[in-house]
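# Coordinate inspection notes
Take a look at the letters that make up each chain.
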Amino acid sequence: MAYITLRDVQLAFGGPALLDGANFNLERGERVCLIGRNGEGKSTLLKLIDGSLLPDAGEVSLQNGITISMLAQDVPMDSGKVSDIVADGAGEAAEVLRAYHEASDACVLGDMEACDRMGHLQHKMDQFDGWALETKVNSILSKMSLDPDADLADLSGGRKRRVLLARALLTQPDVLLLDEPTNHLDVESIEWLEKFLLDQNNLTLLFISHDRSFVDSIATRIVELDRGTLRSYEGNYSRYLDLKAQQMEAEEKQNALFDKRLAEEEVWIRQGIKARRTRNEGRVRALKELREQSKARRSQQGKVSMATQDANRSGKLVFDIENLSVAFGDNAPIIKDFSALVLRGDRIGLVGDNGVGKTTLIKAILGELEHTGSVKTGTQLEVAYFDQLRNALDLEKTVKDNVSEGSDHVDVNGHRRHIYSYLQDFLFSPERARTPVKALSGGERNRILLAKLLLKPSNLIVMDEPTNDLDMVTLELLEEMLGGYKGTLLLISHDRAFMDNVVTSTWVFDGKGNIDEYIGGYQDYLEQRPDQTVVDQKSDVKKALAKAEAAIVPKKAKLSYKDQRELDSLPAEIESLEAEQTELTNKLADGSWFIQNADAATKASERLLEIEELLLEKLDRWDTLENLTKA
């Protein structure tokens, strides 16, 4: 029997049904990703499953005895001790444990009433197995590298997510529900979450995510909520795209045949009495039914239509940055001696943990923040800035007034358009365009920012986390638009797939004030970055060389003449490879080689990988030959 089953579930809130006869099964051990356009009802479906909502009709059934925990989309801003917040996942047992500790502390101070309460609370602790709760809390906090005494309010967004995940997993649920678990997380936190979830044996997952890399890594099946219906696709997101394209093609053909038949019947019904006299009344009834089916048919939600406004080309030089540093007060610099050259047409991605200074660097480059060093700005720059905090939006004003600033018309590449027509390109109906921004979802607010941003002529677009809350279709259209953009792009994003598809180089922040530049997107950076194993390997080589120099290895009868000569030559070969490795690493370190001669720099990166493999082979061979001499 499936863990969770939905049968003919119906749910609506006044408009079109969010769930229209939906059916779904979740089997033990599956990791199912629920996808769909913004506003389709994905979060609502999770609430039906966890019991916080009831369907209008149909049935939501759970296998007897299974437990479900849910990690909500919003990260709380509350304060509180981490261990207490995690323990709250155990419900009443946590309250009893907390009361027992409070009574125990008061009893030690001489409060006799508290001592009396302890006896009652001890009995309740036995009932709830509360004595084991502390051990469980400490164990899961240790597993997630969390400080039990830390205050939640002091933690980063990624750490807060870990705390909430620890609370959700405390009772070892059979099913874990996750609503956009990667939102507002930096890349390192997302990769940690991927590994953690994959390491949990027998944990069944149902999660919502628009992060395509995360979905590809985690999901064993994709379920799409589309116009009230749930459709299942085996495999990950890449497989879903192939199957979805086939399904949409079949649906379009079916709709075309239906529309042709309806048009033919409409022509017939409008013919004169003589032409219809011999026809039976059943055909009239059939036409009425076709009309009803046509009205009831829900077309797929349209796609966002987006294009940039033409602006004069900027000069070839956009920014010449020399030794830029930023510090706040007496603290260590958050950015330290950063130098880079940004040329027209560059598309640069900024990657690093939350709080390392990505937004700070952007503001310093644009002259919005004091800094040391120099930033030489090119000519004719026209900047469009997408702000992750959405400070450009007035929450009290309507969508229309935010985008057009009170006007009924906007200028789009020299053409005058009515504001309602323009907003329909971003999926806002006239009624929705009159809605205050404060009543809209995160995805809708991001679409408003895009609509506003793209009205501004620009040759430099700066985007700070533009992908948060956007559905996958809109993300792909944004990628397509940026791919054809003729200006320069500075992009901060935690979406690895988005970065790979958009940027041509990557600035990586190490959290200590240093920024390294790599050619290509996020995956290219992973392949080029100095690996810790290489550092460890260098240490091993030095130890081995020191050992070789400290003792003269006598020839042994067990080694052939050829093997002995090979053994004698290995230290020098390893030392030569190490020297070449150091030279190439230093030349590639500042990224300027990629600007001066990209082909040569790329070949050097490939040579570094070859050197790593050669060093491992020669060290392994050295160990083998040395062991033979000792036999």
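From a predicted model like this one, the values you see are computed outputs, not experimental measurements. (Residues numbered from 1 in each chain as written. Predicted model: local features only at pLDDT ≥ 70, side-chain atom pairs only at ≥ 80, totals over all residues. Heavy atoms only, no water.)

Turning to the packing of aromatic side chains, a few remarks are in order. Counted by the stated rule, this structure contains 8 aromatic pairs. Ring plane angle 80 degrees and centroid distance 5.0 Å describe the contact between Tyr-233 and Tyr-240, whose orientation is recorded as edge-to-face. By the burial criterion, Tyr-233 is buried, and Tyr-240 matches it. Taken together, a centroid distance of 5.4 Å and an interplanar angle of 35 degrees make the contact between Tyr-237 and Tyr-240 tilted. Note that Tyr-237 and Tyr-240 are positioned in helix H9 (residues 237-269) at a spacing of 3 residues, about one turn of the helix. A residue is classified by how much of its surface remains accessible, and Tyr-240, at 6% relative accessible area, is buried. Taken together, the ring pairs in this structure connect Tyr-233, Tyr-237 and Tyr-240 into an aromatic cluster. (Phe/Tyr/Trp six-rings, centres within 6.5 Å; stacked < 30°, edge-to-face > 60°. Buried < 20%, exposed > 50% of the residue type's maximum accessible area, 1.4 Å probe, protein only. Helix = DSSP H or I, 4+ residues; strand = E, 2+ residues; numbered from the N terminus.)

Now for the packing of helix H3 (residues 92-108) against helix H4 (residues 112-128). Relative orientation of the contacting elements H3 and H4 amounts to 150 degrees, with a least axis distance of 9 Å. It follows from the interaxial angle that H3 and H4 lie roughly antiparallel. Crossing hand, H3 versus H4: left-handed. Contacts from Glu-92, Ala-93, Val-96, Leu-97, Ala-99, Tyr-100, Ala-103, Ser-104, Ala-106 and Cys-107 of H3 reach H4 at Ala-114, Cys-115, Arg-117, Met-118, Leu-121, Gln-122, Lys-124, Met-125 and Phe-128. Partitioned by chemical class, the residues of the contact of H3 with H4 number 14 nonpolar, 2 polar and 3 charged. (Axes fitted to C-alpha atoms, helices over the stretch in contact; angles between N-to-C directions. Parallel < 35°, antiparallel > 145°, perpendicular 65-115°, else oblique. Left-handed = near helix turned anticlockwise from the far one by under 90°. Contact = heavy atoms within 4.5 Å. Nonpolar A, V, L, I, M, F, W, Y, C, P; charged D, E, K, R; others polar.)

Judged by pairing direction, the sheet is mixed, and its 6 strands sit side by side in the order S14-S17-S18-S12-S19-S20 without closing on themselves. Edge positions in the sheet fall to strand S14 (383-386) and strand S20 (515-519), since each has one partner strand and no second. Shown here is a sheet whose adjacent strand axes are inclined to one another by a mean of 15 degrees, direction ignored. Of the pairings in the sheet, the one linking strand S12 (residues 347-351) to strand S19 (residues 505-509) comprises 4 bridges and is parallel in character. When the sheet's bridge partners are listed, Val-351 is paired in S19 with Val-508. (Pairing = 2+ DSSP bridges.)

The next point concerns the nonpolar core. Among the nonpolar cores identified, the biggest contains 53 residues, and Leu-165, Leu-176, Leu-197 and Phe-207 are the most heavily contacted of them. Among the elements that line this core, the one with the most residues is H3, at 7 residues. In contact with Leu-197, other than residues within four places in its own chain, are Leu-176, Leu-178, Leu-205, Phe-214 and Ile-218. Counting residues in hydrophobic clusters, the runner-up holds 42 residues, among them Leu-454, Ile-461, Phe-498 and Val-503. (Core = buried A, V, L, I, M, F, W, Y, C linked by side-chain atoms within 4.5 Å.)

Relative orientation of the contacting elements H3 and helix H5 (residues 131-143) amounts to 100 degrees, with a least axis distance of 10 Å. Between H3 and H5, the crossing angle belongs to the class labelled roughly perpendicular. In contact with Ala-93, Ala-94, Leu-97, Tyr-100 and His-101 of H3, H5 contributes Trp-131, Leu-133 and Glu-134. Of the residues assigned to the contact of H3 with H5, the class counts are 6 nonpolar, 1 polar and 1 charged.

We now examine helix H16 (residues 442-453). Over its 12 residues, H16 runs 16 Å from end to end, which matches the ideal 16 Å to within 8%, given 1.5 Å per residue. Along H16, 10 of the 12 residues are buried, which leaves the element largely enclosed by surrounding structure. Residues Gly-443, Glu-444, Arg-445, Asn-446, Arg-447, Ile-448, Leu-449, Leu-450, Ala-451 and Leu-453 constitute the buried set of H16. Next to the buried residues of H16 lie S14, helix H13 (399-404), helix H14 (419-424), helix H15 (430-433), strand S17 (460-464) and helix H17 (472-483). (Expected span 1.5 Å × (residues − 1).)

Throughout the structure, instances matching the rule amount to 1 disulfide. Disulfide pairing is shown between Cys-107 and Cys-115; the S-S distance is 1.9 Å. Judged by the sign of its S-S torsion, about 95 degrees, the bond between Cys-107 and Cys-115 is right-handed. Cys-115 sits in the partly exposed class, given a relative accessible area of 23%. (Disulfide = S-S within 2.5 Å.)

Let's shift gears to the pattern of salt bridges. Following the criterion strictly, the structure yields 17 salt bridges and no others. Linking Asp-408 and Lys-400 is a salt bridge whose minimum nitrogen-to-oxygen distance equals 3.4 Å. Asp-408 sits in the partly exposed class, given a relative accessible area of 40%. The network of salt bridges with common partners includes Glu-194, Asp-211 and Arg-496. (Salt bridge = Lys/Arg side-chain N within 4 Å of Asp/Glu carboxyl O.)

Looking now at the side chain of Asn-402. Assignment of secondary structure puts Asn-402 in helix H13. A polar contact of 2.8 Å, which involves the side chain of Asn-402, links it to the backbone nitrogen of Asp-394. With residues near it in sequence (within four places) discarded, Asn-402 still touches Ala-392, Leu-393, Asp-394, Lys-397, Val-437, Ile-448 and Lys-452. (Polar contact = N/O pair within 3.5 Å; in protein donor to acceptor, adjacent residues only side chain to side chain.)

Glancing now at helix H7 (residues 187-199). For H7, built from 13 residues, the straight-helix expectation of 18 Å at 1.5 Å per residue is met to within 8% by its first-to-last C-alpha distance of 18 Å. Where H7 is concerned, the buried positions are Val-187, Ser-189, Ile-190, Leu-193, Glu-194, Phe-196 and Leu-197.

Read from one edge to the other, the open sheet built from 3 strands follows the order S2-S1-S4, with strand pairing classed as antiparallel. Each having just a single partner strand, strand S2 (19-26) and strand S4 (57-62) make up the two edges of the open sheet. Direction aside, neighbouring strands of the sheet carry axes that sit 15 degrees apart on average. Summarising the sheet, strand S1 (residues 4-11) and S4 pair through 5 bridges and their orientation is antiparallel. If you follow Gln-10 over to S4, its bridge partner there is Ala-57. Sitting on the sheet, helix H1 (residues 42-50) touches S1, S2 and S4, and the angle it makes with S1 is about 120 degrees.

Another aspect to go through is the confidence of the model for the chain. Confidence in the prediction for the chain averages 80 pLDDT; 83% of positions are at 70 or higher. Here residues 532-539 is a poorly scored stretch, pLDDT under 50, and it has 9 contacts once near neighbours within four places are set aside; other chains count. Of the regions scoring below 50 in pLDDT, residues 544-557 engages in 14 contacts with residues more than four places distant in sequence or in other chains. (pLDDT = per-residue confidence, 0-100.)

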